[in-house]
Amino acid sequence: MSQNNSHKWVYLFEEANGENKALFGGKGAGLAEMTRAGLPVPPGLIVTTEACNAYYAYDKNFPEGMWEQVKEALKKIEEKVSKSFGDPKNPLLVSVRSGAPLSMPGMMDTVLNLGLNEETVQGLAAQTGDLRFALDAYRRFASLFGEIVMGVAHEKFERVMDRYKAQTTGGRDTDLKPEQLLEIIAAEKQIIFAEQRGSAIPEDPYEQLRVAIAAVFGSWMGRRARDYRRVHRIRDDMGTAVNVQAMVFGNMGESSGTGVAFTRNPSTGERELYGEYLLNAQGEDVVAGIRTPNPISQLNNELPEVYEQFKQITSLLEKHYRDMQDVEFTIERSKLWMLQTRTGKRTGAASVRVACDMVNEGLIDKATAVRRVTPDQLDQLLHPTVNPDENSVVLATGLPASPGAAQGCVVFNSDEAEDLAQQGEKVILVRQETSPDDFHGMVAAQAIVTARGGMTSHAAVVARGMGKCCVCGASALNIDYGQQQFNVNGTVVTKGDWITVDGSTGRVFLGKIPTIQPKLGSDFQELMGWADEFRRLRVRANADTPRDSQVAREFGAEGIGLCRTEHMFFGDERLAVMREMILADGVGAREKALEKLLPLQRNDFIGIFQAMAGLPVTIRLLDPPLHEFLPNMEELLGELSELKMSLQRAESIHAMDRLLDEIDGKRTLLQQVERMRESNPMLGLRGCRLGLVYPEVTRMQVRAIFEAACKVQGEGTVVKPEIMVPLVSIAEELRHQSELIREVAEQVVGEHGMKVDYMIGTMIELPRAALIADKIAAHADFFSFGTNDLTQTTFGLSRDDSGRFLSAYVEHKILPDDPFQVLDRDGVGQLVRMGASRGRRVKPHLKVGICGEHGGEPNSIAFCHEIELDYVSCSPFRVPVARLAAAHAALNAGGAALPVDK
C-alpha cells in the first residue's frame, strides 16, 4: 500500500455516509446517521477502517496525513462545543471507541475522559462547579488509559477502588470523597509507573489521543477480537474504525445518568423497551456490574421528560433501520444524548419473533424476515442451551458435535449408563471414543463426551441423529477407566460427579449449570413456511428408525435421504444376531442367521415407510466394515486374562468347568475376530464389496425392504423406496448389485401380487466414482454424494483422527474451515460438481443430492444450491436449519420456485 497524503482518512459525523459500515464501522455509521437525522448526538470524528488496515500495512505506523486530519477535525468539534482540547481553563474531553464493520460487542477497547491531566482536571472542576465530579472523571480516565493503552491489569485498579470503597459508609463509588479520589488517582498513577518501569500517562492531551487511537487499532488484532472473528467467521482484513467523540457526562449528580437499551426484548423478542440505566454514573458502570442498574422503565419515574424523549427516539430509530436496535445513551443534567445505535444482538427465539412481528407490522417483507434469521439462531432455538447468566467453571473444550445442553452424573461404561438411566438417574457418558457397542449407553445418556474423534465420528453422527447433545475431541480429558475418573489440569472428576455439557459451543462445565429449554411456537412455524416459499432445494433427513423418521416429518423433512441399515443392528439382542451372521462358518450358517435378522429389519422399514407417508425413502445397504459389529480385540484379550485369573482362584470343580468353557468360547471368538481383522478396514471389505462377496446379505436386506413396502402399500399408503448401493468405485459393481436388487424386488412383489415403484442408485463417496460418474450413471436412477467419506478419501484424512490437528490448520489459516464441518468447495466440491454434471450428461433427469454431514451446514447448502443439486439430507434436528439455509441460498442467488420431486 503506497502512502497518499491527499487520501481522506478522517470524517466528521455529518460528513460520513451512514450506509457505509465497511468504511466507517457500525458504530460510526450509526452516529453519522443519527447526526444527519438531527438527533442529539455529541459531535465527533471517525478514523476509517482503511486507516486501520494502513496502520498494519505500515508496520503499526499511522498512514501519512491521518494524524493531521484528526487534529483538523478536532478543531471543528471544538468550535461546536465552545471548548478547547487541552485548554486548562475550558477543556474539551473526548471518548475514543472502536467500531468494526460487523458488531463485535466487548471485543475491542474504549477510553473515556481523554484529555484530562493535572491542569485540565482543575479546569473541568471550575467549568462544572463540581470538584468531586472532575476527580471522579480523572480516576476513571487513569484506570482506563492504564488498562487499555498501557496494558496494566484491570484487577490492580479494582483492588485500589475496593480498598477505598470499604472505608465509606455505603461502600459505593458514589460515596467516595474528593480527598479519597485524589488518593485513588495517585495510587493508580503509581501502579502504572511501577508496571511500566517508569512510564506514565502522558500529560499532553494530543499525545494521549495519538496513543489511544493506536491502542484501538491494536485491539483489532488482540486475542479476544481474533477469537471472536474466528468463531463468527469475520475476516481479519475488515479493520476497525475509531470514533473520537466529545464527552458528555452521566456522573454529574442525580439528574445525570447513563444506560443501554434495546428497542425490543433481546431474549424473547417481545415488543417492549428493554434495558438498564444508572444515575450519576458513566458507561462502563452499567456493563461492568460495579453497581446494580435499574430497569429502563424506572427512568419514567425519576426523569419522566427524558424517558418520553428517549422512547420517541428509539421508536424513530427502529422504524428507520427497520430492525431491533441496541442503543447507548447518556443524560447530562437532564439533557439526553445518544451515543450509539446498532442492530441488536438477540437469541434465536427473539430473532424469530422479531422477524415475524415486523412482517406483521409492515416494517419488512417476508424475504427480509427469512434473511434476518440466521441458521445458527434457528439451531439455538431447537436445542436447550446453557444459561449464560450463571457463573460456571469450564473444564474442557472440544468440538461442538451435536447442539444442545444437558446435565448429569459422569459414567464411563454404557451398561452402567443404561442401568442408572432405568433407575431414573441422569447420566453423561464419557468415553475415549464410542463404538456400536456403546449405542445403548448413548441412548440412555443425557449427553456424550469423548476425548477423541471429530465432527463426523461415531459419537457425533449418532448423537446428531438422536438430537442428543455431544462434545467430541475434548483432548484435555485424561480418562482413567480403571480409577473411573478423568483429570483436567489437576481437576479430578470421578464417577457420579455432576457435569454440564454444551454441545452448541463444545464446552464441558463442572457441576450443574441450569439450562434453558426451547419452545417452538407459531412464530417458528410461520417463518418456516416463508422459508419454504423461497427455497429451491428439497430437504430430507438422515433417519434410521421409525422414531427418527417421525421427528424428521415433524420438522418438515420431505423424505429420507439416508437410512443407514447398519444402525438397525445396534442394541444387545440385534447385535448378538448380527455377530452370529458375521462369524457364521459357511453360507448355510450365514443364511440361518440372516433369517433371524430379516423380520427385525422388515419391521423397522414398515415403521419408517408409515412415518414418511408416501415420501421417498433412500435406504443404504450395509456399508461399514464388519469388524465394527465385533468385540474389540484388546477388550477380548483383557476379558480372557481376567477369566484365567478367576480360574486360578476357583474353589470348586463346577466353577472351574464353567470358567474353562468361557475361556474356550473367548478363545474361539478371539480367533474369529483375528481372522477378520483388517489393516485399513475403512478401505477394506465394506459397502458394495460385502454384497458382492456375500450376496445373501444383499438378498436379505432387499427382501426386508420390499416385504415392508408391500405390507404398508397394501394398507393404503404409497411407498417410494430408493435403494442405495454404497462405496461404488467401478460401474460393474453397481451393475451387479442392481441386477440382484431387481431380481429380489420382482420376486417379492410377485409373491404379494403388487406393484411398487422403486429406484436404484448409489452413494458417490470415492474420488474415482465422481470421475467416472457418467459410466456409473448408466446403471443408476439417482446419485447421493456421501461427503463424509468423499472428504476423507479426497484429503487422505482419517475423520476420527484428524481432529487432533485440524484445529491447528484452521487457526493458522492453512485451511479456512474444518473440511469435515464445511464442504471444501475447491477440492471435494469440484468432485461433487463434476460427478453431478457427468451423471446428468448421460441421464438428464438423474436425481442428485448429498447425504453427508454437510447436508445440514449452511455454507455447504449454498454450494449445493449453486451447482443445482435436487436435495440435501441431514439429521432430523437439523432439518429446519437446512430449510432456512436453502431459502437463504435461493434469495442470495435471486430465488427460484420449488421443483416437482422426481
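Residues numbered from 1 in each chain as written. Predicted model: local features only at pLDDT ≥ 70, side-chain atom pairs only at ≥ 80, totals over all residues. Heavy atoms only, no water.

1. Looking at the sheet that holds strand 31 (residues 782-785)
Part 1: Strand order in the closed barrel formed by 8 strands is 26-27-28-29-30-31-32-33, and the pairing between neighbours is parallel. On average, each strand axis in the sheet is tilted by 25° relative to the strand beside it, whichever way the strands run. (Pairing = 2+ DSSP bridges. Helix = DSSP H or I, 4+ residues; strand = E, 2+ residues; numbered from the N terminus. Axes fitted to C-alpha atoms, helices over the stretch in contact; angles between N-to-C directions.)

2. Details of the packing of helix 26 (residues 695-714) against helix 27 (residues 731-752)
Part 1: Between helix 26 and helix 27, the least distance of the axes is 9 Å, while the angle of their chain directions is 40°. With respect to helix 27, the element helix 26 is oriented oblique. Seen along the crossing, helix 26 lies across helix 27 with a hand that is right-handed. Contacts from Pro695, Thr698, Arg699, Val702, Arg703, Phe706, Glu707 and Cys710 in helix 26 reach Gln737, Leu740, Ile741, Glu743, Val744, Ala745, Gln747, Val748, Val749, Glu751 and His752 in helix 27. (Parallel < 35°, antiparallel > 145°, perpendicular 65-115°, else oblique. Left-handed = near helix turned anticlockwise from the far one by under 90°. Contact = heavy atoms within 4.5 Å.)

3. Some thoughts on the confidence of the model for the protein
Part 1: The share of residues in the protein with pLDDT of 70 or more is 95%, and the mean pLDDT across the chain is 90.
Part 2: Note that residues 895-902 has pLDDT below 50 and, in this model, 23 contacts with residues that lie over four places away or in other chains. (pLDDT = per-residue confidence, 0-100.)

4. Brief notes about a nonpolar patch on the surface
Part 1: Taken together, the side chains of Ile653, Met656 and Leu660 make up a nonpolar region of the molecular surface, amounting to roughly 270 Å² of accessible area.
Part 2: Along the polypeptide, Met656 turns up in helix 24 (residues 653-676).
Part 3: The partly exposed category is assigned to Met656, whose relative accessible area is 31%. (Patch = residues over 30% accessible without salt bridge, like charges linked within 9 Å, V, L, I, M, F, W, Y side chains within 5 Å. Areas by Shrake-Rupley, 256 points an atom, 1.4 Å probe, with all protein chains shown as cover. Salt bridge = Lys/Arg side-chain N within 4 Å of Asp/Glu carboxyl O. Buried < 20%, exposed > 50% of the residue type's maximum accessible area, 1.4 Å probe, protein only.)

5. Structural notes on the pattern of salt bridges
Side-chain pairs of opposite charge can arise whenever the charged atoms involved come near each other.
Part 1: According to the stated counting rule, one finds 54 salt bridges in the structure shown.
Part 2: A salt bridge links Glu639 to Lys666; its shortest N-O distance comes to 2.6 Å. One end of the pair, Glu639, is in helix 23 (residues 633-649); the other, Lys666, is in helix 24, and 27 residues separate them in sequence.
Part 3: Residue classification places Lys666 among the partly exposed residues on the basis of a relative accessible area of 24%.
Part 4: For Arg833, the salt bridge identified is with Glu866, shortest N-O distance 3.1 Å.

6. Regarding the sheet that holds strand 1 (residues 10-12)
Part 1: Pairing within the open sheet is antiparallel, and its 5 strands lie in the order 1-2-7-5-6. On the outer flanks of this sheet lie strand 1 and strand 6 (110-114), each paired with one strand and no other. Strand-to-strand twist of the sheet, defined as the mean angle between neighbouring strand axes without regard to direction, takes the value 20°.
Part 2: By the bridge criterion, 3 bridges tie strand 1 to strand 2 (residues 44-47) in an arrangement that is antiparallel. Directly across from Val10, in strand 2, lies its bridge partner Val47.
Part 3: Contacts from helix 1 (residues 21-36) reach strand 1, strand 2, strand 5 (94-99) and strand 7 (241-246), with the element oriented near 25° to strand 7.

7. Side note on helix 20 (residues 546-554)
Part 1: Turning to helix 20, its buried residues number three or more, namely Asp548, Ser549, Val551 and Ala552. End-on, the buried residues of helix 20 take up no more than an arc of 160°, which puts them together on one face. What points out from helix 20, more than 90 degrees from its buried face, is the exposed set Arg547 and Glu554.
Part 2: At the exit of helix 20 stands Gly556, carrying a positive phi of roughly 95°. (Arc of directions from axis to C-beta.)

8. Structural notes on the environment of Gln380
Part 1: For Gln380, the position within the fold is in helix 15 (residues 375-382).
Part 2: C-alpha of Gln380 to C-alpha of Ala166: the two residues are 214 residues apart in sequence and 43 Å apart in space.
Part 3: Setting aside anything within four residues of it in sequence, one finds Gln380 in contact with Thr347, Gly348 and Thr385.

9. Quick notes on the environment of Cys472
Part 1: Within the element layout of this structure, Cys472 appears in strand 19 (residues 469-472).
Part 2: As for Cys472 and Val508, which are separated by 36 residues in sequence, their C-alpha atoms are 10 Å apart.

10. Some thoughts on unusual backbone geometry
Part 1: Non-glycine residue Ala613 carries a positive phi angle of around 45°.
Part 2: Relative to the elements of secondary structure, Ala613 occurs in the loop between helix 22 (587-612) and strand 28 (616-620).
Part 3: The residue Glu868 is not glycine, and still its phi comes out positive at about 65°.
Part 4: Residue class for Glu868 comes out exposed when judged on its relative accessible area of 53%.

11. A few points about helix 3 (residues 66-81)
Part 1: In this model, helix 3 (16 residues) spans 23 Å end to end at C-alpha, consistent with the 22 Å of a helix rising 1.5 Å per residue.
Part 2: Among all positions in helix 3, only Met66, Trp67, Gln69, Val70, Ala73, Leu74, Ile77 and Glu78 are buried.
Part 3: Just beyond helix 3, the residue with positive phi is Ser82, at close to 55°. (Expected span 1.5 Å × (residues − 1).)

12. Examining the packing of helix 1 against helix 12 (residues 304-321)
Geometrically, a packed helix pair is captured by the angle between its two axes and the distance between the axes.
Part 1: Two elements in contact, helix 1 and helix 12, have axes whose closest approach is 12 Å; the angle formed by their N-to-C orientations is 110°. Between helix 1 and helix 12, the angle is such that the two are roughly perpendicular. Relative to helix 12, the crossing made by helix 1 is right-handed. For the pair helix 1 and helix 12, contact is made by Ala29, Gly30, Glu33 and Met34 and by Leu317, His320 and Tyr321, respectively.
Part 2: Of the residues belonging to the contact of helix 1 with helix 12, the class tally is 4 nonpolar, 2 polar and 1 charged. (Nonpolar A, V, L, I, M, F, W, Y, C, P; charged D, E, K, R; others polar.)

13. Here's the deal with the packing of aromatic side chains
Part 1: Going through the model one piece at a time under the given rule, you end up with 16 aromatic pairs.
Part 2: Their ring planes at 85° and their centres at 4.8 Å tell us that Tyr11 and Phe24 sit as a pair that is edge-to-face. On the criterion of sequence distance, the pair formed by Tyr11 in strand 1 and Phe24 in helix 1 is long-range, its members being 13 residues apart. For the pair Tyr11 and Phe24, one class covers both residues: buried.
Part 3: Here the aromatic cluster, defined as three or more aromatic residues joined through ring pairs, consists of Tyr55, Tyr56, Phe62, Trp67 and Phe217.
Part 4: Taking NZ or CZ as reference, Lys8 lies 4.8 Å from the ring centre of Tyr11, over its face. (Phe/Tyr/Trp six-rings, centres within 6.5 Å; stacked < 30°, edge-to-face > 60°. Lys NZ or Arg CZ within 6 Å of the ring centre and 35° of its normal.)

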